[in-house]
Amino acid sequence: GHKGWYMDTTNWTDFGLVSSKYGVDVYFCGHVHNYERFVPYDAPSGQADFASVSADKGTYTNPKYMTTIVTGAPGNKETNVPCNASLATITAACTQNYGYGYFQVFNATHAHWNFKTAVPFAGQSLRGSSVAADFSDDLWIIQNNHGMRE
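These notes cover the structure that comes with them. Quantities reported herein were computed from a predicted structural model and do not represent experimental measurements.

On to the pattern of salt bridges. A side chain with one charge can pair with a side chain of the opposite charge if their charged atoms come near. The tally for this structure, following the rule as stated, stands at one salt bridge. With a closest N to O distance of 2.7 Å, Arg 37 and Asp 137 form a salt bridge. Highlighted residues: Arg 37 in strand E2 (residues 35-38) and Asp 137 in strand E12 (residues 136-142), separated in sequence by 100 residues. Judged by relative accessible area, which is 1%, Arg 37 ranks as buried. According to the relative accessible area criterion, Asp 137 is buried, its value standing at 6%.

This paragraph deals with helix H1 (residues 13-21). By the burial criterion, the buried members of H1 are Gly 16, Ser 19 and Ser 20. Considered in projection along H1, the buried side chains sweep an arc of 95° and stay on one side of the axis. Residues of H1 that are exposed and point over 90 degrees away from its buried face: Asp 14 and Leu 17. In this fold, the buried residues of H1 make contact with strand E3 (41-42).

Calculation rules
Residues numbered from 1 in each chain as written. Predicted model: local features only at pLDDT ≥ 70, side-chain atom pairs only at ≥ 80, totals over all residues. Heavy atoms only, no water. Salt bridge = Lys/Arg side-chain N within 4 Å of Asp/Glu carboxyl O. Helix = DSSP H or I, 4+ residues; strand = E, 2+ residues; numbered from the N terminus. Buried < 20%, exposed > 50% of the residue type's maximum accessible area, 1.4 Å probe, protein only. Arc of directions from axis to C-beta. Contact = heavy atoms within 4.5 Å.

Printed below as a string of structure tokens:
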């Protein structure tokens, strides 16, 4: 998709209900020029599924809600967007650096996502700390409950 559920004033109620009902596991979008991965989250209800998230936030096991990944960081001459501080509690990873992602489905229950930095911006920071050139984000989604959810 183009936009995520938290961008601008888009109403995600209908999309959220349909994606939850039919078991959508991952939603990839862009619009903002950064990389951001969220914990499984249901925008219409405002509920996050922290129980499915591993301690290192690198594995989501049987998440109740869809995972949103913003992949707007492939490169652009426009201004890059900083990480959204108001969403920090449900943000698993974020960077303003250019990069690329790779999504691989291994079987009916396991999928893997990896994002890697391509080129860092000199002097940029991520929530007050220096952004490393080798930023990488790694996620396994293990979903044994595909299909319609209540």
